[in-house]
Amino acid sequence: MIVGLDIGTTKITTVIGELAGDGSVDIIGQGSVPSEGLKRGSVVNLERTVQAIRESVHRAERVAGVKVESAYVSVAGNHTKAITSHGLAAIRRGHEITDTDVHRAIENAQAVPLDPNLEVLHTLPQEYEVDGQEGIKSPVGMHGVRLEVDVHIVAGTAGPLLNLRRCVQEAGLRVDGFVLQALASGLSTVDTGEQSQSVIVIDMGGGTTDIGVFRRGNLAHSASIPIGGDHVTADLAQILKIPMEEAEDVKRRYGAALPEMADADLTLEITTGQGKTHALSAQELSRVIKPRIAEIFGMIRDEIDQTLGPVELIAQHVILTGGASKLRGTPELARDRFRVPVRLGKPGNIGGLIDIVNGPEYAAGVGLVLFGLHEDGRLVAPAPTPLPEPEPEPQPSKPLLKSKKDREREPEPQPQPAPQRAERPQRTERPRPPEPQPAPQRAEVSAAPVQQTVVRTSPQAQEQHPPAPGHKPSLMEKLRSWFSDWL
Ligand SMILES: Nc1ncnc2c1ncn2[C@@H]1O[C@H](COP(=O)(O)OP(=O)(O)OP(=O)(O)O)[C@@H](O)[C@H]1O
Ligand SMILES: [Mg+2]
């Protein structure tokens, strides 16, 4: 059994995998709960984090029917430092290169002075060079006098690692190892065809965006940006003057990273307690969202340009993953900014209950399990398992977001056709991301003081999805309709 524990800013996920007969991994359990004890990837509340880890592990254990004792734990890139170091080993004339020679070259690369405050997490050898011949994957058995290797060393800052370890231990688990989040996400999303290429994996989380550059199957560069999808939510909450939870819902249901990808016929009405109603088209909404996502991509571009060179020259593909990559139009905006092919990355390279981890937000959790297979951080996964397409985002046919007061006033829920599925994790108040940069375009929308907020689609939009004449709602439809506000 291999267990991954992805401790994120938005959610904590436990993924349980089991070794299959062919050496691959079957997913047998998953448990995910909202995370309230982290800020930008750092533990800020030990007690809440411990509680959430326990709950997430229990949920996964219940699905798998096993008891978890240890786990591989994710570390956000903003707590790590990475360097690439060069190692050399001399080979005696007439002798074949052996494993010992390879280890000697790697050890020599590792002999770099590191800040005592850093703990080495990964030592990732890149390709080898024998007597100047580059691009050698495995030099053992070759002849030459000079063996060289570049090693990517990822080290974590002691403080944040200690906090993470303490939380995991207090939740009753041992730490099998800490794994860089970008590495974990790459292990589950880079497919076999891409393993011979250079790809950039961008894990867009709630509080951080983690970047991993993989060259021919090896993590060659990593970085992290302290901005994620929660900043988009905070922008909307501030500009529309609505609570974070409602802003999150508006973002997921109607938001888009590009105005041209937003529903052109959809208008949101934001009604204040004084009866004033402000109309906001879905396209205007996405004009608020776009600058934030563009800012994230701009920062990634700058980081890669400065360290490796222009994105379009160093990468053949960009893979977007993490929960925030689910926002409509995000891959299209990324394609525009990076000028290379972009695709969404969902966890693959696995078998078993693939449907319970079928979303980009599970990429890191599944990747932790895949890391546990060999513990060498190399992309040596089998062909990815095709995953079913997600259901389309629900298109509401009735007012969607209501204040508590509205719910209390409602006498009885009326059965009517409801959205098929609404993604809305249970969450209470979360730490608000810092420095939300309000986009100026729609500042006037929230000019009036808001006591009570109702966000509803326009009548025109409602008419687009009328119930079929004579349609009798099924029990499931009734239940979905009654509880759609909580789903
Ligand atoms: N359907 C959706 N549309 C838009 N955004 C979404 C959607 N679903 C989730 N998100 C966003 O994804 C983010 C959470 O992603 P994820 O679960 O990968 O984060 P995390 O791993 O907990 O955080 P981090 O990696 O930053 O520590 C949130 O900002 C959330 O609003
Ligand atoms: Mg994450």
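Source: prediction; values computed, not measured.

1. Digging into the site of ligand 1
In the vicinity of ligand 1, 25 residues are found, and the nearest of them are G8, T10, G205, G229 and G323. Those elements that provide at least two residues to the shell around ligand 1 are helix 5 (229–240) and helix 6 (244–254). Here the shell around ligand 1 is composed, by residue class, of 3 nonpolar, 14 polar and 8 charged.

2. Observations concerning helix 1 (residues 46–64)
The first and last C-alpha atoms of helix 1 sit 27 Å apart over 19 residues, in line with the 27 Å expected at 1.5 Å per residue. Three or more residues of helix 1 are buried, namely T49, A52, I53, S56, V57, A60 and A64. Looking straight down helix 1, one finds that the buried residues subtend no more than 130° of arc, so they occupy a single side. Exposed side chains of helix 1 directed beyond 90 degrees from the buried face belong to E47 and R62. Against strand 1 (2–7), strand 2 (11–19), strand 3 (25–34), strand 4 (38–39), strand 5 (42–43) and helix 3 (158–170) lie the buried residues of helix 1. Note on helix 1: the residue one or two positions beyond its end, G65, has a positive phi of about 70°.

3. Brief notes about the packing of helix 7 (residues 282–307) against helix 9 (residues 330–338)
When two helices pack together, their arrangement is captured by the angle between the axes and the distance separating the axes. Two numbers describe how helix 7 lies on helix 9: the axes approach to 10 Å, and their chain directions differ by 40°. Accordingly, the angle class assigned to the pair helix 7 and helix 9 is oblique. Our pair here, helix 7 against helix 9, has a crossing hand that is right-handed. The residues of helix 9 that touch helix 7, namely those facing I293, A294, F297 and R301, are T330, L333, A334, R337 and F338. The residue inventory of the contact of helix 7 with helix 9, partitioned by class, reads 6 nonpolar, 1 polar and 2 charged.

4. What about the sheet that holds strand 7 (residues 80–90)?
Ordered by their spatial adjacency, 4 strands build an open sheet running 7-10-8-9, and the pairing between neighbours is antiparallel. In this open sheet, the two strands that pair with only one neighbour each are strand 7 and strand 9 (133–136). Each neighbouring strand pair of the sheet contributes to a mean axis angle of 35°, computed without reference to strand direction. Of the pairings in the sheet, the one linking strand 8 (residues 118–130) to strand 10 (residues 146–157) comprises 10 bridges and is antiparallel in character. When the sheet's bridge partners are listed, E119 is paired in strand 10 with G156.

5. A short note on the packing of helix 4 (residues 181–189) against helix 10 (residues 363–374)
As a packed pair, helix 4 and helix 10 sit with axes 7 Å apart at the nearest point and diverge in direction by 85°. For the element pair helix 4 / helix 10, the angle class is roughly perpendicular. In this structure, helix 4 contributes Q181, A184, S185, G186, L187, S188 and T189 to the contact, and helix 10 contributes A363, A364, V366, G367, L368, L370 and F371. Partitioned by chemical class, the residues of the contact of helix 4 with helix 10 number 8 nonpolar, 6 polar and no charged.

6. Structural notes on helix 9
Every buried residue of helix 9 is listed here: T330, P331, L333, A334 and F338. The buried residues of helix 9 occupy an angular sector of 160° when the element is viewed end-on, so they sit on one face. Downstream of helix 9 by a residue or two, R339 has a phi angle that is positive, lying close to 60°.

7. Points about the confidence of the model for the protein
Per-residue confidence for the protein averages 80 on the pLDDT scale, and 77% of its residues sit at or above 70. Of the regions scoring below 50 in pLDDT, residues 392–455 engages in 123 contacts with residues more than four places distant in sequence or in other chains. The low-confidence segment residues 457–487, where pLDDT is below 50, has 39 contacts with residues more than four positions distant or belonging to other chains.

8. So, the pairing of strand 14 (residues 218–225)
Counting buried positions along strand 14 yields 7 of 8 residues, so the element is predominantly enclosed. Taken together, the 7 bridges between strand 13 (residues 209–215) and strand 14 define a ladder with antiparallel strand orientation. Along strand 14, the bridge assignment pairs R215 with N218.

9. A few points about unusual backbone geometry
Located in the positive-phi region is D131, a residue other than glycine, with phi close to 50°. Considering the arrangement of structural elements, one finds D131 in the loop between strand 8 and strand 9. If you check the backbone angles, K241 has positive phi at about 55° while not being a glycine. On the secondary structure map, K241 appears in the loop between helix 5 and helix 6.

10. Some points on the sheet that holds strand 11 (residues 174–180)
In spatial order, the strands read 11-6-1-2-3-19; together these 6 strands make up an open sheet with mixed pairing. In this open sheet, the two edge strands, each paired with only one partner strand, are strand 11 and strand 19 (351–352). One ladder, built from 9 bridges, connects strand 2 with strand 3; its direction is antiparallel. Bridging from a neighbouring strand, K11 pairs with P34 of strand 3. On the sheet, helix 3 packs against strand 1, strand 6 (70–75) and strand 11 and is oriented at approximately 150° with respect to strand 6.

11. A closer look at the environment of T209
Counting through the fold element by element, T209 comes out in strand 13. It is 9.1 Å that separates the C-alpha atoms of T209 and A324, two residues lying 115 residues apart in sequence. Residue contacts for T209: discarding those within four places in its chain leaves I202, D203, M204, I225, I227, G228 and I296.

Criteria and cut-off values
All chains use their own residue numbering, which begins from 1 and follows the written sequence. Lettering for chains starts from A, numbering for ligands starts from 1, and both go in the order in which the items are written. Since the coordinates come from a predicted model, pLDDT governs what is reported: local features require at least 70, and pairs of side-chain atoms require 80 or more to be given and counted, while whole-chain, interface and lining totals use all residues. To decide whether a residue is near a molecule or strand, its C-beta atom is placed from the backbone and checked for lying within 6 Å of it. The helix and strand labels rest on DSSP assignments: H or I over at least four residues marks a helix, E over at least two residues marks a strand, and numbering proceeds from the N terminus. In this count, Pro and Cys sit with the nonpolar residues alongside Ala, Val, Leu, Ile, Met, Phe, Trp and Tyr, while Asp, Glu, Lys and Arg are called charged and the others, Gly among them, polar. Multiplying one less than the number of residues by 1.5 Å gives the expected span of a helix. Neighbour counting defines burial: a residue surrounded by 20 or more other C-beta atoms within 10 Å of its own C-beta is buried, one with 12 or fewer is exposed, and intermediate counts give partly exposed, using backbone-placed C-beta atoms. What the arc covers is the set of directions going from the helix axis to the C-beta atoms. Distance between backbone-placed C-beta atoms decides contact: two residues are in contact if it is within 7 Å. Between N-to-C directions, angles cover 0 to 180 degrees, with each direction set by a line fitted to C-alpha atoms, over the stretch in contact for helices. In these notes the angle categories are as follows: under 35 degrees is roughly parallel, over 145 is roughly antiparallel, 65 to 115 is roughly perpendicular, and the rest is oblique. Crossings are assigned a handedness: left-handed for a near helix turned anticlockwise from the far helix by less than a right angle, right-handed for a clockwise turn. A pair of strands is treated as paired once DSSP finds two or more bridges between them. A residue's pLDDT is the confidence the predictor assigns to it, expressed on a 0 to 100 scale.

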